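# Observations on chain architecture
These are the residues of each chain, in order.
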Protein chains: 2
Amino acid sequence: MNIKTAEILCVGTELLLGDIVNTNAAYLARALASMGISVYHQAVVGDNPERLREAMETGLSRADLVITSGGLGPTCDDLTKETAAACFGRKLVCHEPSLAYIEGFFARRGKEMTPNNRKQAMMPEGAYVLANPHGTAPGVAIEEDGRGVMILLPGPPRELIPMVENEVRPFLAARTDCVLLSRNLHLFGIGESALEDILRERMEASVNPTLAPYCADGEVRLRITARGKDEAEAAALCDGEEKFLRSSPVAPYIYGVDVGSIEAALVPLLAERGLTLATAESCTGGLIAKRLTDVPGASAVFPGGVVSYANEVKAKVLGVDPDTLAAHGAVSEPVAMQMARGVRLATGADIGISTTGIAGPGGGTPEKPVGTVWLGISTPEGERARLLSLDPRADRKYIRTCAASHALYGVLALLQGIELS
Amino acid sequence: MNIKTAEILCVGTELLLGDIVNTNAAYLARALASMGISVYHQAVVGDNPERLREAMETGLSRADLVITSGGLGPTCDDLTKETAAACFGRKLVCHEPSLAYIEGFFARRGKEMTPNNRKQAMMPEGAYVLANPHGTAPGVAIEEDGRGVMILLPGPPRELIPMVENEVRPFLAARTDCVLLSRNLHLFGIGESALEDILRERMEASVNPTLAPYCADGEVRLRITARGKDEAEAAALCDGEEKFLRSSPVAPYIYGVDVGSIEAALVPLLAERGLTLATAESCTGGLIAKRLTDVPGASAVFPGGVVSYANEVKAKVLGVDPDTLAAHGAVSEPVAMQMARGVRLATGADIGISTTGIAGPGGGTPEKPVGTVWLGISTPEGERARLLSLDPRADRKYIRTCAASHALYGVLALLQGIELS
C-alpha cells in the first residue's frame with residue numbers, strides 16, 4: 001500500500017500525568033516528515049484499554065498509518081500489543097525467536113528473567129516483528145488492506161530511535177512514493193516577529209517548497225520543506241529557496257544549515273581551523289562545556305574548562321586579580337576578560353571564553369539586575385568582553401541557556417568574521 | 001461549574017513536524033493533576049483552522065475543560081483565538097487594556113510595535129483575559145454553561161507557566177470541588193522490572209491512593225496519588241502509603257521524596273551539613289557541574305569544578321601524575337582518584353568527585369569498551385573510586401547522564417550513610 005499520512009499515538013499514564021516529557025512524538029514526527037509522510041494529529045492516552053482502542057480506531061479512520069510508542073513493557077499496565085491485536089481481530093501467539101532473544105538478553109547481563117518478561121514475546125498473529133537490540137520489548141508492525149498499517153514501538157527513546165532508523169525506515173520506504181526534504185536555516189540575533197515582518201509575504205505565498213519560522217532555545221530557525229518525486233527534485237527546490245534567503249535581509253543572521261545547534265556548528269569549524277577552545281564559566285555553571293561535549297568528537301577542539309562559581313576559584317585556578325574582583329565585583333567586564341585569558345593560559349587553548357553574571361532567582365541588585373551577564377573572549381591577540389542584559393523576569397534556565405548560546409555564538413562569529421553589535 | 005476532567009490541546013505545525021518538543025503538555029498535565037482535574041487525552045494539531053476546530057469540539061464533547069497552548073502569537077498562522085471564538089459562536093472585539101499593555105510592552109523595550117501585534121489585543125466577546133507579564137499575547141478563558149470551559153494559553157513556556165500559576169490556578173480553584181495530591185518517591189539503584197516484581201500486587205490493588213512506577217533518566221520513581229475532599233485528607237492517604245513503602249524491600253533504594261532530582265536533593269543536604277563539593281569531569285564534560293548549578297542556591301555548596309577533557313589539563317590543572325596517566329591511561333581507578341583529590345585541593349572544597357570514562361560513540365577498546373566509567377570521590381579522610389560498566393550499545397547522552405547520576409548519587413549515599421555495592 002501507499003502511505004501518505006500518519007498519526008502519532010503515545011501511550012502512557014506517565015505522559016498524561018506529566019511525569020515525563022513526550023520527546024518520542026517530536027522524534028517520530030521528524031522521522032515521518034523525512035519520509036514524506038504527513039502527520040496531522042498527535043495524541044496521548046493513558047494505559048487504559050478502552051480509550052487506547054478508541055484512539056487507535058480514530059487514527060486508522062483518518063490516517064494510512066498509526067504509529068504508537070509505549071506500553072510494550074513487561075508490566076501489568078502495558079497493554080498496547082493486546083489492544084492493537086484486538087483492533088485487527090487477531091490473537092496473540094508466542095514468537096519463539098523473540099522469546100529466545102529475551103532469554104538471551106537476560107543471560108548476557110547475568111540477570112534473572114522475571115516471568116512478566118515472557119509477555120514481551122507474545123505477538124499478534126501475522127505481524128512483522130521489529131528487532132530491539134537495546135531492550136527486551138520487540139516492536140510490531142501490523143498491515144491489513146482496507147484498515148491500514150499500525151506500528152507499535154517501545155517507549156524508551158534509546159530503544160525506539162534505533163528501531164525506527166534500522167527497522168521502520170526500510171519498512172515504510174517500501175510503502176511510500178514521494179520524498180519530503182526539509183532544510184533548517186539557523187539564525188541567531190534576530191527575533192521571530194522581526195523575521196516574520198521581513199518574510200511574511202514569502203511565507204504566505206510558499207507552497208512547494210514551504211517556508212516557516214520557529215523559535216527554539218532563544219534562537220530562530222527557518223524551515224524549508226519541499227516535496228518531490230525523488231531526493232534530487234526535492235533538493236533542487238530547497239536549493240532555490242535557500243539561495244533566495246541568502247540574498248534577503250535575513251542573510252547576515254544565518255549561521256548554519258541543518259547544524260542542529262550553535263555548538264554542533266562550532267565544533268567541526270574549530271576542528272577544520274585546527275583551533276582549540278576552553279571555557280571559564282560562572283553563571284552558566286558548566287552548561288557551555290556540557291553543550292560542547294554533547295557533540296561527538298569535541299575532544300579534538302575542547303581541552304577543557306573551569307567552572308569558577310566562587311571568587312576564590314576565579315582567583316586561584318583562573319588567576320583573576322583579587323583586587324579587580326574587589327574593585328569591580330565578579331560580574332564585571334575586567335573579570336570576564338581575565339577569566340577568559342586565565343582559562344586559555346591554564347589549558348593551553350587557542351581561544352578562551354567566559355561567562356559571569358546573575359542567573360537568578362536571587363542575587364540581583366539595582367545596578368546589576370538578574371539577567372546581567374558579561375561574556376569574555378580571549379585569544380593571543382587580546383581580550384574583549386560584551387554585556388548581555390537579558391529580561392530580569394526570565395527564569396534561571398532561560399538566562400543560563402541564552403548566556404551560553406551568546407558565548408558560543410561569539411566564537412562562531414569570530415571564526416566566520418561576523419561583526420557582533 | 002464543577003470541572004472534573006480536562007483535555008490538553010497543543011497547537012502548532014512546529015510540534016507536528018517535531019521541530020520542538022512538547023514540554024507544555026507535560027507541565028499542563030502536572031498542573032491540572034495538582035488541582036484534582038483528570039486528563040485522559042492530550043492532542044496536537046497544526047496551524048490549520050478546520051482540524052483545530054474539530055479537535056476543540058471533540059475536546060469539549062468529552063471533557064469539562066479544554067486547555068490549549070500556542071497560536072496566540074502575532075503571526076499570520078496564529079489562529080487559536082479566532083477558532084475558539086467560532087466554537088462558541090462569539091466574535092472578536094478589541095480589548096483596550098490589552099492593546100494599551102502591548103503598546104507599553106514595546107515602548108518599555110524601546111522596540112517598534114509591528115502592526116501584526118495589534119491582532120493580539122482582539123478577544124472573543126465576554127471572555128476573561130489572562131494577563132501575560134512576560135510577552136505580548138494575553139491568555140483567554142471562555143466559559144459557557146452546557147458547553148464547558150476553554151482556556152487559551154501562549155506557546156512559549158516562559159509566558160505560559162507564570163500565566164498558569166498566577167491566573168489559571170485561581171480561576172480553576174473556584175471551579176473544582178476536590179484535591180488530588182501526588183507524592184513522588186525517588187529511588188536509585190533498582191530497575192523498574194525488579195520494582196514491579198516486588199510491588200505488583202500492591203500497585204494492582206491500589207485505588208485511592210494509587211501507586212505507579214516510572215523511569216526517568218536512569219532512575220525509578222514511585223508516584224503515590226490520593227484524592228480527598230481537602231489537602232489534609234489527601235495528604236493523610238499519601239502518608240499511609242509512604243509509610244508502607246518505607247517498610248518494604250524497596251526502602252533502601254529511596255533517596256528522597258518530591259526532590260525532583262538527585263542534585264536537587266544533594267544541594268540542600270550539603271548546605272545543611274555545611275559542606276562544599278567540587279567536580280572534576282572528563283567524560284561527563286561539565287554535565288555534573290551544570291546539573292548542580294541548575295539548582296538555585298548551588299553557590300553556597302559548589303565553589304566550582306574543572307572539565308579536564310585533555311590529559312594535559314588533568315595533569316596541569318588537577319595535578320594528576322603524568323606517570324600514572326601513562327601507566328594506567330586516563331580511564332583508570334588511580335586517575336579518577338587523583339582527579340577527585342586534585343579538584344578538592346584546587347577549590348578548597350570538602351568533597352571532590354570525578355568522572356573519567358568512554359561516552360562513545362568512538363574511543364572504545366576491547367579492554368575499555370564504550371560505557372566504561374570510573375567515578376572518584378575524595379574527602380580529607382581519603383579517596384576511593386568505583387567502576388561503572390554501562391551498556392556499550394547505549395548512546396552518548398545516556399552514558400553521560402547515567403555517569404553523572406551515579407557520581408552525584410555517590411555523594412548523597414556518603415552523606416546518608418548508604419553503602420554502595
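Heads up: the structure comes first, above all this text.
An account of the accompanying structure is given in this report. Residue positions are given per chain, counted from 1 along the sequence in the order it is written. The lettering of chains begins at A and the numbering of ligands begins at 1, in the order of writing. Under the rules for a predicted model, residues below a pLDDT of 70 receive no local features and side-chain atom pairs below 80 are neither given nor counted, while totals for whole chains, interfaces and linings still include all residues. Computation of side-chain values covers all heavy atoms of the structure but excludes hydrogens and water.

Take the overall build of chain A next. Only DSSP runs of H or I with at least four residues qualify as helices, and only runs of E with at least two residues qualify as strands; both kinds are numbered from the N terminus onward. Counting its regular elements, chain A contains 14 helices and 17 strands. Dimensions of chain A along its principal axes, counting C-alpha atoms only, are 80 × 55 × 40 Å. Note on classification: 1.4 Å probe, protein chains only; a residue is buried when its accessible area is under 20% of the maximum for its type, exposed when over 50%, partly exposed between these limits. When burial is assessed residue by residue, chain A has 57% of its 421 residues classed as buried. Pairs of residues are marked as contacts when any of their non-hydrogen atoms sit within 4.5 Å. For chain A, the share of sequence-separated contacts (at least 6 apart) that also reach a separation of at least 24 residues comes to 67%. Here chain A holds 40 positive side-chain charges and 51 negative ones, and the gap between their average locations is 2 Å. In summary, the charge assignment counts Lys and Arg as positive and Asp and Glu as negative, without counting His or the chain termini. Working definition for charges: the position is that of NZ of Lys, CZ of Arg, CG of Asp or CD of Glu.

Residues and elements named next belong to chain A. Helix axes use the C-alpha atoms of the stretch in contact, all axes being lines fitted to C-alpha atoms, and the angles between their N-to-C directions lie in the range 0 to 180 degrees. Where helix α9 (residues 262–273) meets helix α14 (residues 396–416), the closest approach of the two axes is 10 Å, and the angle between their N-to-C directions is 35 degrees. Crossing geometry of α9 relative to α14 is assigned as left-handed. On α14, the residues that touch Ile262, Glu263, Ala265, Leu266, Leu269, Leu270 and Arg273 of α9 are Ser405, Leu408, Tyr409, Val411, Leu412, Leu415 and Gln416. For this scheme, ten residues count as nonpolar: Ala, Val, Leu, Ile, Met, Phe, Trp, Tyr, Cys and Pro. Four count as charged, namely Asp, Glu, Lys and Arg, and the remainder, Gly too, count as polar. A class-by-class count of the residues in the contact of α9 with α14 yields ten nonpolar, two polar and two charged. Helix crossings fall into two classes, left-handed where the near helix is turned counterclockwise from the far one by less than a right angle and right-handed where it is turned clockwise.

Least squares is used to superpose the copies, and the fit set is the C-alpha atoms of residues whose pLDDT is at least 70 in both copies. Screw-axis analysis of chain B against chain A gives a translation of 0.1 Å along the axis, an RMSD of 0.2 Å, and a rotation angle of 180 degrees. One copy is carried onto the other by what is essentially a two-fold rotation axis. Counting the interface residues of chain B, we find that 100% of their copies in chain A are interface residues as well, pointing to one common contact surface.

With that settled, the discussion passes to helix α4 (residues 80–87) of chain A. Residues and elements named next belong to chain A. With respect to burial, α4 is a largely interior element, six of its eight residues being buried. Within α4, burial applies to Thr80, Lys81, Thr83, Ala84, Ala85 and Cys87. Positive phi shows up at Gly89, right after α4, with a value of about 60 degrees.

The next thing to look at is the interface of chain B and chain A. With 77 residues of chain B in contact, the opposing surface of chain A contributes 80 residues. Buried area, as used here, totals the accessible surface that two parts lose on assembly, with accessibility defined by a 1.4 Å probe and the loss added over both. The junction of chain B with chain A conceals about 6400 Å² of combined surface from both sides, 54% of it contributed by carbon and sulfur atoms. Counted as salt bridges are all cases of a side-chain nitrogen of Lys or Arg within 4 Å of a carboxyl oxygen of Asp or Glu. Taken together, the links from chain B to chain A amount to six salt bridges. Where A:Asp19 meets B:Arg223, a salt bridge forms, and the shortest distance between an N and an O atom there is 2.3 Å. Residues adjacent in sequence count toward polar contacts only when both atoms are side-chain atoms; beyond that, a polar contact is any pair of N or O atoms within 3.5 Å, and within protein one must be able to donate a hydrogen and the other to accept it. At the boundary of chain B and chain A, one finds 35 residue pairs in polar contact (both at pLDDT 80 or more). Take the side of chain B that touches chain A: its biggest share by element is seven residues, from strand β2 (residues 38–45) of chain B. Of the residues assigned to the side of chain B that touches chain A, the class counts are 36 nonpolar, 21 polar and 20 charged. In this description, strands pair whenever DSSP reports at least two bridges between them. Bridge count between strand β14 (residues 304–308) of chain A and strand β14 (residues 304–308) of chain B: five bridges; the pairing is antiparallel. When the sheet's bridge partners are listed, A:Gly304 is paired in β14(B) with B:Ser308.

A few words now on unusual backbone geometry. Of note, the bond from A:Asn208 into A:Pro209 is cis; its omega dihedral lies within 30 degrees of zero at 5 degrees. With respect to the secondary-structure elements, A:Pro209 resides in the loop between α7 (192–205) and β10 (210–216). In this model, B:Gly360 is joined to B:Pro361 through a cis peptide bond whose omega is 0 degrees. Tracing the backbone through its elements, the reader meets B:Pro361 in the loop between β15 (351–357) and β16 (372–379). Phi is positive for A:Asp258, which is not a glycine, with a value near 50 degrees.

Residue and element names in this part refer to chain B. Helix span, expected: 1.5 Å multiplied by one less than the number of residues in the helix. Over its 14 residues, helix α3 (residues 49–62) runs 20 Å from end to end, which matches the ideal 20 Å to within 8%, given 1.5 Å per residue. For α3, the complete set of buried residues consists of Leu52, Ala55, Met56, Gly59 and Leu60. Summarising the axial view, the buried residues of α3 lie within an arc of 135 degrees, below the 170-degree limit, and thus occupy one face. For α3, exposure combined with an orientation more than 90 degrees from the buried face picks out Glu50 and Ser61. Buried-residue contacts for α3 involve β1 (5–11), β2, β3 (65–69), α4 (80–87) and β8 (148–153). Working definition: the arc comes from the directions between the helix axis and the C-beta atoms, pointing outward to the latter.

All names here are of chain A. Burial analysis of strand β16 (residues 372–379) places eight of its eight residues in the buried class, the great majority of the element. The side-chain alternation of β16 yields two buried faces, one formed by Thr372, Trp374, Gly376 and Ser378 and the other by Val373, Leu375, Ile377 and Thr379. With six bridges connecting them, strand β15 (residues 351–357) and β16 associate as antiparallel partners. The partner of Ile353 across the bridge, within β16, is Ile377.

Within the fold, B:Asp19 resides in the loop between α1 (13–16) and α2 (23–34). If sequence neighbours within four positions are ignored, B:Asp19 has contacts with A:Tyr214, A:Arg223 and B:Glu14.

Further remarks concern the nonpolar core. Nine residue types can take part in a nonpolar core, namely buried Ala, Val, Leu, Ile, Met, Phe, Trp, Tyr and Cys, and a core is a set of them joined through side-chain atoms within 4.5 Å. Counting residues in hydrophobic clusters, the biggest one holds 58 residues, and the most contacted among them are A:Ile151 and B:Ile151. Those residues in contact with B:Ile151 that lie beyond four places of it in its chain are B:Leu65, B:Val66, B:Ile67, B:Thr68, B:Leu130, B:Val140, B:Ala141, B:Val168, B:Phe171 and B:Leu172.

For the rest of this paragraph, the subject is the pattern of salt bridges. Under the criterion given, the structure shown has 52 salt bridges over all chains. B:Asp197 is the salt-bridge partner of B:Arg200, the closest N and O atoms lying 2.7 Å from each other. Taken as a pair, B:Arg200 and B:Asp197 lie in helix α7 (residues 192–205) at a separation of three residues, close to a single helical turn. Salt bridges linked by common partners bring A:Arg183, A:Asp239, A:Glu242 and A:Arg246 together as one network.

What follows concerns the sheet that holds β16(A). Strand order in this open sheet of ten strands is β17(A)-β16(A)-β15(A)-β13(A)-β14(A)-β14(B)-β13(B)-β15(B)-β16(B)-β17(B), and the pairing throughout is mixed. With partners counted over all chains shown, the strands left at the sheet margins are β17 (382–389) of chain A together with β17 (382–389) of chain B, one partner each. The sheet shows a mean angle of 15 degrees between the axes of neighbouring strands, taken without regard to direction. Across eight bridges, β16(B) lies against β17(B) in antiparallel orientation. In the strand pairing of β17(B), B:Val373 is matched with B:Leu388. Strands β13 (277–281), β14, β15, β16 and β17 of chain B of the sheet are contacted by helix α13 (residues 333–347) of chain B, whose axis makes an angle of about 140 degrees with β15(B).

Residues and elements named next belong to chain B. Two rings from Phe, Tyr or Trp (for Trp, the six-membered ring) form a pair when their centres sit within 6.5 Å of each other. Planes less than 30 degrees apart are called stacked, planes more than 60 degrees apart edge-to-face, and all others tilted. With the rule as written, the count across this model stands at twelve aromatic pairs over all chains. Between Tyr255 and Tyr409, the aromatic rings sit 6.0 Å apart at their centres with planes inclined by 70 degrees, giving edge-to-face as the arrangement. On the criterion of sequence distance, the pair formed by Tyr255 in strand β12 (residues 254–257) and Tyr409 in helix α14 (residues 396–416) is long-range, its members being 154 residues apart. Tyr255 sits in the buried class, given a relative accessible area of 5%. Take Tyr409: its relative accessible area is 5%, and that puts it in the buried class.

Here the focus is the sheet that holds strand β3 (residues 65–69) of chain A. Ordered by their spatial adjacency, twelve strands build an open sheet running β6(A)-β7(A)-β8(A)-β3(A)-β1(A)-β2(A)-β2(B)-β1(B)-β3(B)-β8(B)-β7(B)-β6(B), and the pairing between neighbours is mixed. What marks the edges here is a single partner per strand, and that holds for β6 (128–130) of chain A together with β6 (128–130) of chain B. Taking the axes of each pair of neighbouring strands and ignoring which way they run, one obtains an average angle of 15 degrees across the sheet. By the bridge criterion, five bridges tie β3(A) to strand β8 (residues 148–153) of chain A in an arrangement that is parallel. Following the sheet pairing, A:Ser69 is matched in β8(A) by A:Leu153. α2(B) rests against β1, β2, β3 and β8 of chain B of the sheet, and its axis sits at about 165 degrees to β1(B). Contacting β1, β3, β7 (139–144) and β8 of chain B, α4(B) runs over the sheet at an angle of about 170 degrees to β8(B).

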